[in-house]
Amino acid sequence: MTTADPKGVLTGAHYLDGDHAAAEGGLAAGCRFFAGYPITPSTEVAERIAARFPQIGGLFVQMEDEIASIAAILGASWAGAKTMTVTSGPGFSLMMENFGLGLMMEVPTVIVNVQRGGPSTGLPTLPGQADMMQARWGSHGDYEVIALSPSSPQESFDYVIKAFNLSEQYRLPVLVMMDECVGHMTEKIVIPKAEEIEIVPRKLFHGPKDAYRPYEPDSDMIPWMTRAGDGYRFHTTGLTHDERGYPVMSAECQEKCVHRLVDKIRKHADDIVVLEEEETDGAEVVVVSYGISCRVSVPAIERARAEGIKVGSLKLVTVWPFPERRIGELAEKVKAFVVPELNYGQMCYEVERCAAGKARTILVPHGGGWVHDPKSIHQAIKEGAK
Amino acid sequence: MPQGARPTPDSTRSKYWRKPLDADRIKIPHGEIHIAVNRCKGCQFCVEYCPRHALEMSSDFNVKGYHYPVAKPGNLCVDCRLCQMLCPEFAIFCVEEGEGEDEGTAKADGKAKEAGE
Amino acid sequence: MTTKTGVAPDLTHPMDGLLRMDRMPHIWCPTCGLGTTVTAFATAVESLGLDLDRLAVVSGIGCTGRVAGYIKVDSFHTTHGRAIPFATGLHLANPKLKVVVISGDGDLFAIGGNHFIHAARRNIDITIICVNNFIYAMTGGQVAPTTPVTSKAATMPYGNFEQPFNIPHLAESCGAVYVARWSALDVRRLAKSISEAILKPGFSVVEVISPCSTLYARQNRLGTGLDLMRFYHDNCEIRHGADTRELAIDYQSKIVVGKFVDRERPTYLDSMNKWYSEAFGGRYETYEGSVK
């Protein structure tokens, strides 16, 4: 474990919106390479980084499209840099193929999706939370992802750093699923001193050249990485590969290669999952929410509590991997889960799946374009308490 | 690469050739051709483009079932290494005669070293 | 599952040091020009005395895309069409790396076309070796953006009616600083061009006209790769400095080869560093990489 490079840490109290805070989070985490493409409502992240990077020795490049952006951050990560990109729905869709490449090659990097109304061009300047399932299943093939969902500018800063740390620890591109509301809301954020920010360093191999196997898993299921130029003469490919990084076309190799990509997250889910629970002990209804919908749920929960309903709240800091175990435990004790989301039903199905029929799951849908009226959430809580 | 007809063996014996005046001072290099017989896939690039026509395809098959090149008799190789550069299978290379011995290489005058698995 | 056929343990080819011998034999067909192109590349790299630890090869998808897997340097087999932006990231993050993209005509100019033109425009200091076999060979011989008019392809079963790209012209118009074209037969000149391209600062492109026996030749009943090489022998005309507008390739027509463009332009990083040092009035630290 190391601490942040002070060059990129804007220590102090600031009044920033989520996009700007996310940019500062990247800088504080040590990101020094950014390749992106403008897309509302994420563009401010890129613009801030474009302004800040030349001051601190980073490289910003606006690529010709989102596909080029994600390809470039993967390449730069292989050179040893900490890299990130930002986008929104349409760009997120474009990035899916190379997101898969990053997962298959096990490349640490961070992709921020400031979600907007969809599908297609949708509502570019208005919030949505409808890419949550896409975050999990958007690329083709089998894999597991890690995705975080901030609900404030402060969290945008914090979770981007967390995303970088997770990406280095588990060697994969990590997603930060913001939304336009959080991205464009301005609040006070406090950036600590560099020495107070914990940074997970890249797991780089330093042993003898002929001993290196790019995809030989360590005891934690994660292989040691190297950097282009360090003399290990490695090969890496998007094809299913063996521990030497060489493509092997067989079911046995697929099992060995791909199953580990899935397991390295699944088997560490307990370490990765982060939740913020409040009054879930003894609750009749638990509101499961993420992103901006957490903030909107607060008045609804307070009102329901004032009416005598025991309401707990479960905030998903990590949305993926989904907290299967915790939901399963709570389902034994509560009457219902209420899931408010800015979509017509995405994470609610995960809640329902994990509740396994032991508790009701009540979705409070909203197409996006604005946030929920807390009344609708309050209504659902009352319904759940019946 | 000149346009027109492919070079024929007779072009070296045209009536207009004479022995160069410095022929005794200039040493024509001689090469030793090494062929990894079992790498060959019978493409014939080397046979076709050797400027000295020093190679021909053997009537034998290698382990993959392809005919492979063999050096013609007569010490024709001049170590130009065009075969080495053209071969798509990294199956043939030349060394200057007398230098660069590999284990098991037969010392020969422009003879091919054939090796198998 | 596949039996590994090794190569003669008592016979080491001079190139074996640069090849991943544990992956030989390669997958390319007999009379394919790719092995020859790899040899030309290896010759170029050797003649330059490059530090092989600092050389990186990036390829896309296709027969040429497999080149990365056989060369023993840091090598990347990326997604279809995206070798150039990947290489851009690799290079910009660590400008000390020498990054070479080796990919096919379809990978670079169809799906990858947009990335090609922008990297050329920006003059990113990478080298592109485009192996042009006029077809999508790996997937079974479909039409490519370089397939000459009238030739047959799997998705043009009645003959191709689309006008193909003139690659040197495209490269020049987009800003490439070095553009050359050679056939796979002309290995020495090809190796020399590759050397020059690698050394040249900026976006350098070498197009290699390469025989494809199993798809292009067979579908058009042109024989094998050897017959295509004979065709190149008889029909390639060297015209250095030719106007790139005149370099289109028609079906079984004359092919003009040579070095067409060799000019000076500031590279992306040179422009960036100069610009920022002026903008920041001397407080700017020259960017030398994103990696400590």
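What counts as what
Residues numbered from 1 in each chain as written. Chains lettered and ligands numbered in written order. Predicted model: local features only at pLDDT ≥ 70, side-chain atom pairs only at ≥ 80, totals over all residues. Helix = DSSP H or I, 4+ residues; strand = E, 2+ residues; numbered from the N terminus. Rg over C-alpha atoms; globule rule 2.2 N^0.38 Å. Buried ≥ 20, exposed ≤ 12 C-beta atoms within 10 Å, placed from the backbone. Contact = placed C-beta atoms within 7 Å. Pairing = 2+ DSSP bridges. Axes fitted to C-alpha atoms, helices over the stretch in contact; angles between N-to-C directions. Parallel < 35°, antiparallel > 145°, perpendicular 65-115°, else oblique. Left-handed = near helix turned anticlockwise from the far one by under 90°. Nonpolar A, V, L, I, M, F, W, Y, C, P; charged D, E, K, R; others polar. Arc of directions from axis to C-beta. Core = buried A, V, L, I, M, F, W, Y, C linked by C-beta atoms within 7 Å. Domains from an automatic or database assignment. pLDDT = per-residue confidence, 0-100. Expected span 1.5 Å × (residues − 1).

Novice: Lay out the overall build of chain C in plain terms, naming residues and giving numbers.
Specialist: Looking only at helices and strands, chain C features nine helices and eight strands. The C-alpha atoms of chain C give 19 Å as radius of gyration, which agrees with the globular expectation for 292 residues (19 Å, within 12%). In terms of overall dimensions, chain C has C-alpha extents of about 65 × 50 × 30 Å along its principal axes. Here chain C holds 292 residues, and 58% of them are scored as buried. For chain C, the share of sequence-separated contacts (at least 6 apart) that also reach a separation of at least 24 residues comes to 66%.

Novice: Which residues make up the overall build of chain B, and what are the values?
Specialist: Regarding its fold elements, chain B presents two helices and five strands. By the burial criterion, 40% of the 117 residues in chain B qualify as buried. Considering only contacts within chain B whose residues lie at least 6 apart along the sequence, 70% involve residues at least 24 apart.

Novice: How would you sum up the sheet that holds strand β15 (residues 311-316) of chain A? Please name residues and give values.
Specialist: All names here are of chain A. In spatial order, the strands read β13-β15-β14-β17-β18; together these five strands make up an open sheet with mixed pairing. Looking at the sheet topology across the chains shown, the edges are occupied by β13 (275-278) and β18 (360-364). Going from strand to strand, the sheet's axes swing by 20° on average, the running direction of each strand aside. Pairing geometry for strand β14 (residues 285-289) and strand β17 (residues 336-340), over three bridges, is parallel. Within β17, the residue paired with V286 across the bridge is F337.

Novice: So what's going on with the packing of helix α3 (residues 66-78) of chain A against helix α4 (residues 89-105) of chain A? Which residues, and what values?
Specialist: Residue and element names in this part refer to chain A. Direction vectors running N to C along α3 and α4 enclose 30°, while the axes themselves pass 8 Å from each other. Comparing their axes, α4 and α3 come out roughly parallel. Of the two elements, α3 crosses α4, and the hand of that crossing is right-handed. Side by side, α3 and α4 meet where E66, I67, I70, A71 and L74 of the first sit next to G91, L94, M95, N98, F99, L101 and G102 of the second. Residue composition of the contact of α3 with α4, by class: eight nonpolar, three polar and one charged.

Novice: Give a detailed account of the sheet that holds strand β2 (residues 74-77) of chain C, specifying residues and quantitative values.
Specialist: In spatial order, the strands read β12(A)-β2(C)-β1(C)-β3(C)-β4(C)-β6(C)-β5(C)-β8(C)-β7(C); together these nine strands make up an open sheet with mixed pairing. The open sheet is flanked by β12 (235-237) of chain A together with β7 (236-238) of chain C, the only strands paired with a single partner. Here the strands of the sheet are splayed against their neighbours by 20° on average, with no regard to which way each runs. Its contacts with the sheet place helix α2 (residues 83-93) of chain C against β1 (55-59), β2 and β3 (98-104) of chain C, and it is angled at close to 175° to β3 of chain C.

Novice: So what about the interface of chain A and chain C? Which residues, and what values?
Specialist: With 40 residues of chain A at the interface, the matching set in chain C holds 38 residues. Counting only elements with at least two residues in the side of chain A that touches chain C, the list comes to β3 (33-36), β4 (59-62), α3, α4 and β12 of chain A. For the side of chain A that touches chain C, the residue count by class is 22 nonpolar, 12 polar and six charged. Sheet analysis places β12 of chain A next to β2 of chain C, joined by three bridges and oriented parallel. Looking at the pairing, H235 of chain A lines up with S75 of chain C of β2 of chain C.

Novice: For helix α5 (residues 167-174) of chain C, give the residues involved together with the corresponding values.
Specialist: Residues and elements named next belong to chain C. Burial in α5 covers these residues: I167, P168, A171 and E172. An end-on view of α5 places all buried positions within 130° of arc, on one side of the element. Here the buried face of α5 lies against α3 (105-109), α4 (113-122), β4 (127-132), β5 (178-183), β6 (204-209) and β8 (255-262).

Novice: I'd like a rundown of the environment of M57 of chain B, residues and numbers included.
Specialist: Position of M57 of chain B among the secondary structure elements: in strand β2 (residues 55-61). According to the C-beta neighbour criterion, M57 of chain B is partly exposed, with 15 such atoms within 10 Å.

Novice: Break down the nonpolar core for me, citing the residues and quoting the values.
Specialist: The biggest cluster of nonpolar side chains holds 232 residues, and the ones touching the most others in it are V112, V160, V176, F337 and V338 of chain A together with V58 and L90 of chain C. Each of domain 1 (2-199) and domain 2 (278-385) of chain A contributes no fewer than three residues to this core. Once you skip the residues sitting within four places of it in the chain, V112 of chain A turns out to touch A22, S42, V45, M84, V86, V160, V176 and M178 of chain A. Of all hydrophobic cores here, the second largest spans five residues; its members include F205, Y212, M225 and Y232 of chain A.

Novice: Describe the packing of helix α11 (residues 324-333) of chain A against helix α12 (residues 347-355) of chain A, naming the residues involved and giving the relevant values.
Specialist: Residues and elements named next belong to chain A. For the pair α11 and α12, interaxial distance at closest approach is 8 Å and the crossing angle is 60°. Judged by the angle between their axes, α11 and α12 are oblique. Note on packing geometry: the crossing formed by α11 with α12 is right-handed. Contacts from E324, I327, G328 and A331 in α11 reach V351, C354 and A355 in α12.

Novice: An account of the confidence of the model for chain C is requested, with residue identities and associated values reported.
Specialist: Residues and elements named next belong to chain C. Looking at chain C as a whole, the pLDDT averages 95, with 97% of positions reaching at least 70. Across residues 1-9, confidence stays below pLDDT 50; counting only partners more than four residues off in sequence or on other chains, it has 13 contacts. With a pTM of 0.93, the predicted complex shows an ipTM of 0.96.

Novice: Requested: an account of the confidence of the model for chain B, with residues and values cited.
Specialist: With 70% of its residues at a pLDDT of at least 70, chain B reaches an overall mean of 78. Here residues 100-117 of chain B is modelled with pLDDT under 50, and outside its nearest four sequence neighbours on either side it reaches 47 contacts, counting other chains as well.

Novice: How would you summarise helix α1 (residues 18-29) of chain A if you had to cite specific residues and measurements?
Specialist: Since the α-helix packs 3.6 residues into each turn, any two residues three or four apart lie on the same face. Residue and element names in this part refer to chain A. In this model, α1 (12 residues) spans 16 Å end to end at C-alpha, consistent with the 16 Å of a helix rising 1.5 Å per residue. The buried fraction of α1 amounts to 12 of the 12 residues, a majority that puts the element mostly inside the structure. When α1 is considered as a whole, its buried residues turn out to be G18, D19, H20, A21, A22, A23, E24, G25, G26, L27, A28 and A29. Just past α1, the residue G30 takes up positive phi, approximately 105°.

Novice: Provide a residue-level description of unusual backbone geometry, including the pertinent values.
Specialist: A cis amide bond links G118 of chain A with the next residue in sequence, P119 of chain A, at an omega value of -5°. Tracing the chain through its elements places P119 of chain A in the loop between β6 (109-117) and β7 (123-127). Of note, the bond from M24 of chain C into P25 of chain C is cis; its omega dihedral lies within 30 degrees of zero at 0°. Structurally, the position occupied by P25 of chain C is in the segment before α1 (34-48). Although it is not a glycine, A356 of chain A sits at a positive phi angle of roughly 50°. With respect to the secondary-structure elements, A356 of chain A resides in the loop between α12 and β18. Backbone geometry places N123 of chain C, a non-glycine residue, at a positive phi of 55°. Relative to the assigned elements, N123 of chain C resides in the loop between α4 and β4.

Novice: Can you break down the environment of I238 of chain C residue by residue, with the values?
Specialist: Residues and elements named next belong to chain C. The topology assignment puts I238 in strand β7. Given 16 C-beta atoms within 10 Å, I238 falls into the partly exposed group. Separated by 16 residues in sequence, I238 and L222 place their C-alpha atoms 23 Å apart. The contact partners of I238, leaving out residues within four places of it in the chain, are V257 and G258.

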